[in-house]
Amino acid sequence: MIEKVIRSEEDCRRFGLCLAERLKPGDVVALIGDLGVGKTTLTKYIAQGLGISEMITSPTFTVVCEYRSGRLPLYHMDVYRLENAGDIFESGIEEYMDGEGVCIIEWADMVAEILPDDTICVFMEYGEKEGERIYRCAF
């Protein structure tokens, strides 16, 4: 487990860009953390690193947003509103994980049972200082 202290939005941007460089087709990135900790912000910077030109928005009400303008397609998911295994199946999330792109899943702990063994996990939490975040990463 790698721990990274994020002290500014610029730190978040650098982390996202660096992570994007190593992503390949079929990768799944699980973002786990409290409301407002920066899951969508980190996703925006990963998308930037993938060369995605579209505006990244939270897929809270749509569950999945697809972006195809970068070097790899990006499937951005927010599973917070899914309530059970049936909802997971109906959303088609598992099909995206077998695709040619990268899946980023916000609130991924809620669907842990369907995540591939090689999922890249980023546990995000608030730091001690104002604006500080702690990322604990399992690659």
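Residues numbered from 1 in each chain as written. Predicted model: local features only at pLDDT ≥ 70, side-chain atom pairs only at ≥ 80, totals over all residues. Heavy atoms only, no water.

Undergrad: Give me the sheet that holds strand β3 (residues 64-67): which residues, what numbers.
TA: The strand order across the open sheet formed by seven strands is β1-β7-β6-β2-β5-β4-β3, and the pairing between neighbours is mixed. Looking at which strands have only one partner, the edges of the open sheet turn out to be β1 (2-6) and β3. Strand-to-strand twist across the sheet, computed as the mean angle between neighbouring axes with direction ignored, equals 20°. Judged from the five bridges that link them, strand β2 (residues 28-33) and strand β6 (residues 120-126) form a sheet pairing that is parallel. If you follow V29 over to β6, its bridge partner there is I120. Sheet strands in contact with helix α2 (residues 39-49) are β2, β4 (74-78), β5 (102-106), β6 and β7 (133-138), and its direction is about 165° off that of β5. (Pairing = 2+ DSSP bridges. Helix = DSSP H or I, 4+ residues; strand = E, 2+ residues; numbered from the N terminus. Axes fitted to C-alpha atoms, helices over the stretch in contact; angles between N-to-C directions. Contact = heavy atoms within 4.5 Å.)

Undergrad: I'd like a description of helix α1 (residues 9-22), backed by residues and values.
TA: The end-to-end C-alpha distance of α1 is 21 Å, a good match for the 20 Å that 14 residues give at a rise of 1.5 Å each. Every buried residue of α1 is accounted for by D11, C12, F15, G16, L19 and A20. The buried side chains of α1 occupy one side of the element, clustering within an arc of 170° when seen end-on. Buried-residue contacts for α1 involve β1, β2, α2, β6 and β7. (Expected span 1.5 Å × (residues − 1). Buried < 20%, exposed > 50% of the residue type's maximum accessible area, 1.4 Å probe, protein only. Arc of directions from axis to C-beta.)

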